[in-house]
Amino acid sequence: MAAVVKPEVDTRDPDEARTRLSDVYCPHRLDLVGGARGFVCRQSSRGFAKVRLFDLVYGGPEVRVDPVPFDDFVLVTRPLKGRFAVRSTADGLVGAGSGALVMDAYGSYQLRWYDSAEVLNTVLDRDGLERIAAELRGWDEPRPVRFALGAPASGAAARRWDTATRLLLDETRSADGMAGSPLLAAQLFRLAATALLEAYPSTFGEAEAEPAGQVSPAAVRRAEAFIELNAAEDIGLLEIAAAARLSVRGLQAAFSRAGRPSPVAYLRETRLRRAHAELRERSPEETTVASVAARWGFGNAGRFSAEHRRLYGCGPSDTLRGNG
């Protein structure tokens, strides 16, 4: 069932629009080029703690917004109708065309709506995105990620970001969506953050040399024990590496030298084992395969079923019915 999304801001008063949206995003100046005739501001939202989606309309021939640096979020804006552009000191004035523009948490931007433009704003938690960037790149701790106002790195990368956006929209439009599964919400945020980092030009491309030297098998055992104890929590490579007393790249190298799957693969397999155990303990009258999968961070039912069958030789519905 789709959740009904009503406008939370719906006004023709520029001062009210600025005040209301300052509370949602950050303080900003609002200028109406050519006067207030035809001005309207309308916005609705959906989402969860680390990522929110906003449908925003500014009516009028041209509306300019000058915000302070975002600080704690990254903004991705895609025009749905009308024209949208962003000016920055580094990149000048850049039009969005039919794609999206990414604005990081640190830059100074001027946002421009033309011809009563409507946009989809995706707001991602800056701290969470930078932690995921650190995990993906093997940095020992998060670093600032700066985005350029540019097109995606490739058509394939753009399609991955579009797919992640559609998945977020589908999940957040559902009345029961991610409300009962914080772990699934965390996994969807990781998916969206990874797709964005890989799609758009940024400082995320920095890399480090592979670590050298031997690592004690005890470090791998510490990492595996931490995963087993915390599989139900939103953990990633940074937390696992800290528990193993290694750097992220050292952790990945240690698992490789020990002939283990990657730490992320081990975490996913552990969650699959926990889901399988729950399916065996419950009955179809008590729960569903979808709810168990979501509780353990598996949002794609088909992929969950395939992975379950690969590991256990039967589908998850068979296990729930007591046949596997």
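The text that follows walks through the structure, step by step, so that each part is easy to find. These figures come from a predicted structure and were not determined experimentally.

Rules and cut-offs
Residues numbered from 1 in each chain as written. Predicted model: local features only at pLDDT ≥ 70, side-chain atom pairs only at ≥ 80, totals over all residues. Heavy atoms only, no water. Helix = DSSP H or I, 4+ residues; strand = E, 2+ residues; numbered from the N terminus. Buried < 20%, exposed > 50% of the residue type's maximum accessible area, 1.4 Å probe, protein only. Contact = heavy atoms within 4.5 Å. Areas by Shrake-Rupley, 256 points an atom, 1.4 Å probe, with all protein chains shown as cover. Lys, Arg positive; Asp, Glu negative; His and termini not counted. Charge placed at Lys NZ, Arg CZ, Asp CG, Glu CD. Polar contact = N/O pair within 3.5 Å; in protein donor to acceptor, adjacent residues only side chain to side chain. 1 Å grid on protein atoms, 1.4 Å probe; cavity = no way out; pocket = protein on both sides within 12 Å on 5 of 7 lines; lining within 4 Å. Points joined across faces, edges and corners; volume = space filled by probe spheres on them. Nonpolar A, V, L, I, M, F, W, Y, C, P; charged D, E, K, R; others polar. Pairing = 2+ DSSP bridges. Salt bridge = Lys/Arg side-chain N within 4 Å of Asp/Glu carboxyl O. Axes fitted to C-alpha atoms, helices over the stretch in contact; angles between N-to-C directions. Parallel < 35°, antiparallel > 145°, perpendicular 65-115°, else oblique. Core = buried A, V, L, I, M, F, W, Y, C linked by side-chain atoms within 4.5 Å. Phe/Tyr/Trp six-rings, centres within 6.5 Å; stacked < 30°, edge-to-face > 60°. Lys NZ or Arg CZ within 6 Å of the ring centre and 35° of its normal.

**A word on the overall build of the chain**
Next up, step 1: Along its length, the chain carries 11 helices and 9 strands.
Next up, step 2: A burial count over the chain gives 46% of its 324 residues as buried.
Next up, step 3: Relative to all contacts within the chain whose residues are 6 or more apart in sequence, the contacts with residues 24 or more apart total 73%.
Next up, step 4: Of the accessible surface of the chain, which amounts to about 15400 Å², a share of 50% is contributed by carbon and sulfur atoms.
Next up, step 5: One finds the centroid of the 43 positive side-chain charges in the chain at a distance of 3 Å from the centroid of its 42 negative side-chain charges.

**Side note on the side chain of T11**
Next up, step 1: Tracing the chain through its elements places T11 in strand β1 (residues 9-11).
Next up, step 2: At a separation of 3.0 Å, a polar atom in the side chain of T11 contacts the main-chain amide nitrogen of D13.
Next up, step 3: Engagement of the side chain of T11 in a polar contact is seen with the side chain of E16, the distance being 2.8 Å.

**Thoughts on the side chain of R190**
Next up, step 1: Tracing the sequence through the fold places R190 in helix α4 (residues 182-199).
Next up, step 2: Among the residues examined, R190 registers a relative accessible area of 18% and is labelled buried.
Next up, step 3: A polar atom in the side chain of R190 sits 3.3 Å from the backbone oxygen of I235.
Next up, step 4: With residues near it in sequence (within four places) discarded, R190 still touches I132, E135, D234, I235 and G236.

**Considerations on empty space enclosed by the protein**
Next up, step 1: Inspection of the entire model under this criterion finds 1 cavity of 30 Å³ or more.
Next up, step 2: Counting residues per element, the ones that place at least two in the lining of the largest cavity are β4 (51-59), β5 (62-67) and β9 (109-125).
Next up, step 3: Sort the elements by how many residues they give to the lining of the largest cavity and β9 lands first, with 3 residues.
Next up, step 4: For the lining of the largest cavity, the class distribution of residues is 11 nonpolar, 2 polar and no charged.

**Points about the pairing of strand β6 (residues 73-88)**
Side-chain direction in a regular strand flips from residue to residue, so the side chains alternate between the two faces of the sheet.
Next up, step 1: Looking at chain direction, β6 and β9 are connected through 14 bridges and run antiparallel. Its bridge partner being in β9, R83 is matched across the sheet by Y114.
Next up, step 2: In the sheet, β6 pairs with strand β8 (residues 101-103) via 3 bridges, with the strands oriented antiparallel. By the bridge assignment, T77 is partnered in β8 with L101.
Next up, step 3: Where β6 and strand β7 (residues 92-95) come together, 4 bridges link them in antiparallel fashion. In the sheet register, V86 faces β7, and the bridge partner there is V94.
Next up, step 4: Between the antiparallel neighbours β6 and β7 lie 3 residues.

**What to know about the pattern of salt bridges**
Next up, step 1: Applying the stated criterion to the full structure yields 21 salt bridges.
Next up, step 2: Notably, a salt bridge pairs E16 with R20, separated by 3.5 Å at the nearest N-O pair. Taken as a pair, E16 and R20 lie in helix α1 (residues 14-24) at a separation of 4 residues, close to a single helical turn.
Next up, step 3: Owing to a relative accessible area of 33%, E16 belongs among the partly exposed residues under this scheme.
Next up, step 4: A salt bridge links R268 to E307, with the nearest nitrogen and oxygen atoms 3.0 Å apart. Residue R268 is found in helix α8 (residues 263-281), and its partner E307 is found in helix α10 (residues 301-312); the two are separated by 39 residues along the sequence.
Next up, step 5: Among the ionic contacts, a cluster of salt bridges with common partners joins K50, E135, R190 and D234.

**What about the packing of helix α2 (residues 126-137) against helix α6 (residues 237-244)?**
Next up, step 1: Running from N to C, α2 and α6 point in directions that differ by 60 degrees, and their axes come no closer than 8 Å. With respect to their mutual orientation, α2 and α6 come out oblique. Contact residues: R131, A134 and E135 in α2; L237, L238 and E239 in α6.
Next up, step 2: Here the residues of the contact of α2 with α6 sort into 3 nonpolar, no polar and 3 charged.

**Things to note about the nonpolar core**
Nonpolar side chains in soluble globular proteins generally cluster together in the buried interior.
Next up, step 1: Core analysis: the largest hydrophobic core is formed by 49 residues, its most contacted members being L124, F147, W161, L196, L197, Y200 and L251.
Next up, step 2: Element by element, the count of residues in this core is highest for α4, at 10 residues.
Next up, step 3: Beyond its immediate chain neighbours, meaning those up to four positions away, L124 contacts K50, V51, D72, F73, V74, V76, W161, F189, A192, A193 and L196.

**Considering the packing of aromatic side chains**
Next up, step 1: Within the structure shown, the criterion is met by 7 aromatic pairs.
Next up, step 2: Between Y25 and F54 the ring centres are 5.2 Å apart and the planes differ by 50 degrees, which places this aromatic pair in the tilted class. Taken together, the residues Y25 in the loop between α1 and β2 (28-32) and F54 in strand β4 connect sequence positions 29 residues apart.
Next up, step 3: Overall, F54 belongs to the buried group, its relative accessible area being 5%.
Next up, step 4: Ring geometry for F70 versus Y109: centroids 6.0 Å apart, planes at 25 degrees, classification stacked. Of this pair, F70 sits in the loop between β5 and β6 while Y109 is found in strand β9, placing the two residues 39 residues apart along the sequence.
Next up, step 5: In this structure F70 comes out as buried when scored by relative accessible area, which is 5%.
Next up, step 6: An aromatic cluster of at least three residues, connected via ring pairs, comprises F39, Y58, F84 and W113.
Next up, step 7: Over the ring of Y114 we find R83; its NZ or CZ atom is 4.3 Å from the centre of that ring.
Next up, step 8: The lysine or arginine in question, R137, covers the ring of F204, its NZ or CZ lying 4.2 Å from the ring centre.

Remember, this is a structural readout, not a statement about activity or role.
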